[in-house]
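For reference, the chains in residue letters:
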Amino acid sequence: MMRTTWIAALGALAAALTLPAVAQTVKVTPLGGIDGEFCPQDRALIFEDPNGTRILYDPGRTVAGASDPRLGKIDIVLVSHMHGDHAGNAHNKEPNSGSCAQPDMSVSAMPNSNAVNIALAKKSKIVTGSEMPAFFAAKLKANGGDPTNSILTRFGGSVTVSGVRIATVTAMHSNGLDPDYIGGDLGKAMKEAGIAGDVGLATGYVLRFSNGLVAYLSGDTGITADQELVVRNHYNAKLVVMNIGDGFTTGPAEAAYVVNELVKPASVIASHANEVGTASGKVRPGSKTETFMKAAKMPVHIPLSGKTMEFDAAGKCTAGC
Ligand SMILES: [Zn+2]
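Residues numbered from 1 in each chain as written. Predicted model: local features only at pLDDT ≥ 70, side-chain atom pairs only at ≥ 80, totals over all residues. Heavy atoms only, no water.

With respect to the sheet that holds strand 14 (residues 214-217)
Counted only if it meets this: Strand pairing is defined by DSSP finding a minimum of two bridges between the two strands. The helix and strand labels rest on DSSP assignments: H or I over at least four residues marks a helix, E over at least two residues marks a strand, and numbering proceeds from the N terminus. Contacts are assigned to residue pairs that have any heavy atoms within 4.5 Å of one another. Think of each axis as a best-fit line through the C-alpha atoms, taken over the contacting stretch in the case of a helix, with angles from 0 to 180 degrees between the N-to-C directions.
In spatial order, the strands read 9-10-13-14-15-16-19; together these seven strands make up an open sheet with mixed pairing. A strand with exactly one partner marks an edge of an open sheet, and here the two such strands are strand 9 (159-161) and strand 19 (300-301). With two bridges connecting them, strand 16 (residues 267-271) and strand 19 associate as parallel partners. Note that in strand 19 the partner of Val-268 across the bridge is Val-300. The strands touched by helix 7 (residues 252-263) are strand 14, strand 15 (239-243) and strand 16; relative to strand 15, the strand with the most contacts, the crossing angle is about 150°.

This is the structure in structure tokens:
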């Protein structure tokens, strides 16, 4: 009798001790163009690790510069590649300006980019792969920032920053640097010749958060063998942020193939739809977003701007989806 009681008490104690760890989630908050909707330019996501580290992924054009009140503390900025809709060549004046279909992108962020301006103001690290770190270090330095805040994580390796392990993976895309980032006579001559600057290959990211969740952020990409060989077989990603926009990247059918057959995560967040994906927060019938949701075999969560979703270590959405 006594012994049974003790075992029960120990069991309860063990459960109480492990519960906080089980309950730890990664919070994902989309910073899109219009609150509660999924709009054409939406790329930006904030990932908040259970340890409090806040990571901004591809600020693009929907984050209203460094003074956007939705940003809060930003420890790390990630930029998958240099195209204007990801690094942010321009952005809205404030959240919810313009409409979902016709976003306001009236504030130029050239020659710095939205990503650099945010990192300067927030004193964030910029963690990128390929040959982008030198570009970001030069921009930070030119604007009175600390160039050592630009950190390299090139294919095959990883860095751990503020408790989050960050690796880059291949993205089958392009990564030309707009000559307006270069400026001067050289930038002008390049622009006239139709030539972009070279900052290496475009990338995706694999993040491992302190609760064990592994997330794959596709960036702009086509279908690649690495999505199975590296992202699933090696990193074992359980949450995928997948581009579905077509034309520039995988469309709904190709994106569904990637998640169903190659990466096989527990959940997916749709991204980069290049369409009005929702109306009044509901997926629009006939949209690419709807086609992708129907084709994917696992739950697809729609990044409604400002709505925080929480994911456990297994990649399951536990709140906000
Ligand atoms: Zn691109």
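Back to the text.
Points about the coordination of the zinc ion
Filter applied, for reference: Counted as donors are N, O and S atoms no farther than 2.8 Å from the metal, or 3.2 Å for Na, K and Ca; water is not among the atoms, and sites may therefore look incomplete. The geometry test gives tetrahedral to four donors whose angles all lie between 85 and 135 degrees, gives square planar to four donors and octahedral to six donors whose opposite members are over 155 degrees apart with all other angles between 65 and 115, and gives irregular to the rest. Think of it in three bands: with a 1.4 Å probe and only protein chains considered, a residue is buried below 20% of the maximum accessible area for its type, exposed above 50%, and partly exposed in between.
Taken together, the protein donors to the zinc ion comprise His-81 (NE2), His-83 (ND1), His-173 (NE2) and Asp-220 (OD), at separations of 2.1 to 2.3 Å. Of note is the zinc ion, whose four donor atoms meet at the metal with angles of 88 to 172° in an arrangement that counts as irregular. Sequence positions of the donors to the zinc ion reduce to the motif H-x1-H-x89-H-x46-D. Separated by 47 residues along the polypeptide, His-173 in the loop between strand 10 (164-170) and strand 11 (176-177) and Asp-220 in the loop between strand 14 and helix 6 (226-232) bring together distant segments of the chain. Relative accessible area serves as the criterion here: at 2%, Asp-220 is assigned to the buried category.

Digging into the sheet that holds strand 4 (residues 76-78)
Strand order in the open sheet formed by eight strands is 8-7-4-3-2-1-20-21, and the pairing between neighbours is mixed. The outermost strands of the open sheet, each flanked by one partner alone, are strand 8 (150-152) and strand 21 (317-319). On average, each strand axis in the sheet is inclined to that of its neighbour by 30°, with strand direction left out of account. Judged from the three bridges that link them, strand 4 and strand 7 (residues 125-128) form a sheet pairing that is parallel. Paired with Val-77 across the bridge in strand 7 is Ile-126.

Section: the packing of aromatic side chains
Going by this rule: The pairing test for Phe, Tyr and Trp rings, Trp by its six-membered ring, is centres within 6.5 Å, and the orientation test on the planes gives stacked under 30 degrees, edge-to-face over 60, and tilted for anything in between.
One pass over the full model with this rule turns up four aromatic pairs. Between the aromatic rings of Tyr-57 and Tyr-205, the centroid separation amounts to 6.4 Å while the plane-to-plane angle is 90°, which identifies the pairing as edge-to-face. With Tyr-57 in strand 3 (residues 54-57) and Tyr-205 in strand 13 (residues 203-208), the pair connects residues that are 148 residues apart, well separated along the chain. Given a relative accessible area of 2%, Tyr-57 falls into the buried group. On the accessibility criterion, Tyr-205 (0% relative accessible area) is buried. Between Phe-135 and Phe-136, the aromatic rings sit 5.2 Å apart at their centres with planes inclined by 75°, giving edge-to-face as the arrangement. Of the two residues, Phe-135 and Phe-136, neither departs from the other in class, the shared state being buried. Among the aromatic residues, those joined into a ring-pair cluster are Phe-135, Phe-136 and Tyr-181.

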